[in-house]
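Single-letter residue listing:
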Amino acid sequence: MKAPTILTPNNPRSNASPIVLLLIGALFLSVLSGMLAAFGNIILLIVLLALFGLVFVLAAPVAWTVWIIFWATFLITGPSAYFLRFTQLQWLTVLMGAALLLPVLLNLFHRKFSILLTPITSHIFWPGIFLFLVVFSTVINDPQFADFVNASRHYFFMWPIMLVFMFGLVSQEMQVQLWKALMIVAVLQLPMALYQYFFVAQTRSRLNAPSWDAVIGTFQGSSVGGGDSAAMAIMLLIAMLTAIALWRADKLHGAWMAIVVLTGLATLALAEVKAAVMLLPVVIGLYYYKELLQRPIESIVVMTGALLLVGGIFIVYEKLHYGDVPIYTLNTKLPTSTYERVMRALSPEAESGGGSQLGRVNHLVNWWDINVKSGDLKHSLFGYGMGATHASKIGVGELASRYSYVMNKSSTIVLLWETGILGHFAFLLVLLSGSRISGRVAKNEAVPEIHRVFLRVGAVGLLLLAVTMLYKEFHFYSNPIQFLMMFMLGQAAYWSRFVKKKPCVRKVVAQV
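Residues numbered from 1 in each chain as written. Predicted model: local features only at pLDDT ≥ 70, side-chain atom pairs only at ≥ 80, totals over all residues. Heavy atoms only, no water.

Once that is clear, we can look at the overall build of the protein chain. The helix and strand tally for the protein chain stands at 24 helices and four strands. Buried residues in the protein chain amount to 49% of all 512 residues. Pairs at least 24 apart in sequence give 75% of the contacts found in the protein chain among residues at least 6 apart. About 25,000 Å² of surface is accessible on the protein chain, with carbon and sulfur atoms providing 69% of the total. (Helix = DSSP H or I, 4+ residues; strand = E, 2+ residues; numbered from the N terminus. Buried < 20%, exposed > 50% of the residue type's maximum accessible area, 1.4 Å probe, protein only. Contact = heavy atoms within 4.5 Å. Areas by Shrake-Rupley, 256 points an atom, 1.4 Å probe, with all protein chains shown as cover.)

Here's what the structure looks like:
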């Protein structure tokens, strides 16, 4: 006779009651949200959507929540902001990501924290140090509530996604499905980019505005002011590398690989993302560096072909984008070629918009002069606190209100101003240590072959994110890149723990 347990009660009504209560609560929230939408109260509607998300995360399987965040982040929130100017929808996915911390904690309590007996400190040490420095830098700088609201979603809310993958709350098969879904997302960028270039961008060019700013795929932005084209380009590089790696490992048909790569290259040509295009041979070289070193002749051919491809895309830029730049402007210092634009981006004196925008190198020089060179040790090491460089409808940060130019030009600039040298160094080590762990675990034969491919791609992807910190700010301001970053970090941590636990399992089996 099987004894009943607490987890399987004999009374069927005890199982039905939570479901009934959940349905009643969902019905009530639906009616209330409809009333708020009818009256046009957007703020309260966002709060109610957050409650919806919290209820769903607690009731639904974790895998469902992760899939909803994935598709909403990559394919829904961007177009809703681009076409409908409904930017608040991105808060729903971010808050759902934060709510995933609850299933993680419940899972730990359910296992009575036995999972903590396994070595996980190397995976959460640097993220923990970074988040601690963010909080510490904010506390010592007399934080404002608006700063916390502005920056909380950039710094905190997506980390539970990493924990979900690290603790194995989703299956190994779902990891494979997410990588395949990423390639589908990459293919879907092309039709969106074609529409944006031939319809939206042409309207902008007639108004003497840069046409390439309008091409951002399904990523966040607007048809008027541009958006996350750089973030889309980095995603495309990782997706194309995934397709090539799977094809080389006989895990993907050559036709599908060609579709992903060709559509990705076409989208890069339409979007005008010079830095991402220049990184294309770097990404291939990082993934296949061992094979290229062993075959010098083939390596020369491959790298030459990659460089020619980069040059070809730059020629396309000259025809598609730079040819319609007005030549009657009084500013004679405007670049007239791709080479001049690249050199201008590297100039320490570059600025645009009448001084409202500074070049990346110029930002670094200013930060150095204002903080380090002047002897301001506190702000050099710890910064001005989270949200200091950010401005939104909720509030304006201290630095954003002090200076006339845009402060959050790149992730490096944001971190140096808001968390100082220590915060920037800690975040850089998060990416570098994750890349190192992912690359090391990819060599272990205990990991299934297809996951070793994904781990190698993740190692290159995290290293690519580390390299591009000075390029753009998408590490904190782009939800799709944040999701992808947490996915690659969580994947590396999960398989690292899997490999470390594997010998123990084999030892127990041998004793039996």
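This paragraph deals with the nonpolar core. Counting residues in each nonpolar core, the largest one holds 112 residues, and the members touching the most others are Val66, Phe130, Met235 and Leu237. Apart from residues lying up to four places away in sequence, Val66 is in contact with Leu100, Val164, Phe165, Val170, Met174, Leu178 and Phe483. Judged by nonpolar contacts, the second largest core, of 11 residues, contains Trp367, Tyr384, Tyr403 and Leu416. (Core = buried A, V, L, I, M, F, W, Y, C linked by side-chain atoms within 4.5 Å.)

Below, the discussion takes up the packing of aromatic side chains. What the rule picks out here adds up to 32 aromatic pairs. On the numbers, 5.9 Å between centres and 45° between planes, the contact of Tyr384 with Trp417 is tilted. Residue Tyr384 is located in the loop between α18 (377–382) and α19 (398–402), and its partner Trp417 is located in helix α20 (residues 411–418); the two are separated by 33 residues in the primary sequence. Each member of the pair Tyr384 and Trp417 is classed as buried. Taken together, the aromatic side chains of Trp67, Phe70, Trp71, Phe74, Phe219 and Phe483 make up a single cluster linked through ring pairs. (Phe/Tyr/Trp six-rings, centres within 6.5 Å; stacked < 30°, edge-to-face > 60°.)

Attention shifts here to helix α10 (residues 229–248). Taking 1.5 Å of rise per residue, 20 residues should cover 28 Å, and α10 covers 29 Å from first to last C-alpha, within 8% of that figure. Asp250 lies just past α10 and shows a positive phi near 60°. (Expected span 1.5 Å × (residues − 1).)

Among the surface-exposed residues, Phe83, Leu84, Leu194, Tyr195, Phe198 and Phe199 lie close enough to one another that they form a single nonpolar patch of about 650 Å² accessible area. When residues of the nonpolar patch are traced back to their parent elements, those giving at least two are α3 (62–84) and α9 (172–206). The element contributing the most residues to the nonpolar patch is α9, with four residues. Tracing the backbone through its elements, the reader meets Phe198 in helix α9. (Patch = residues over 30% accessible without salt bridge, like charges linked within 9 Å, V, L, I, M, F, W, Y side chains within 5 Å. Salt bridge = Lys/Arg side-chain N within 4 Å of Asp/Glu carboxyl O.)

Note on placement: Gly312 falls in helix α15 (residues 296–320). Owing to a relative accessible area of 30%, Gly312 belongs among the partly exposed residues under this scheme. Spatially, the C-alpha atoms of Gly312 and Ala269 are 9.3 Å apart, while their sequence positions differ by 43 residues.

Moving on: the environment of Gly221. Tracing the backbone shows Gly221 in strand β1 (residues 221–222). By relative accessible area, which is 17% here, Gly221 ends up buried. In contact with Gly221, not counting residues within four places along its chain, are Ala81, Tyr82, Ile216, Gly226 and Gly227.

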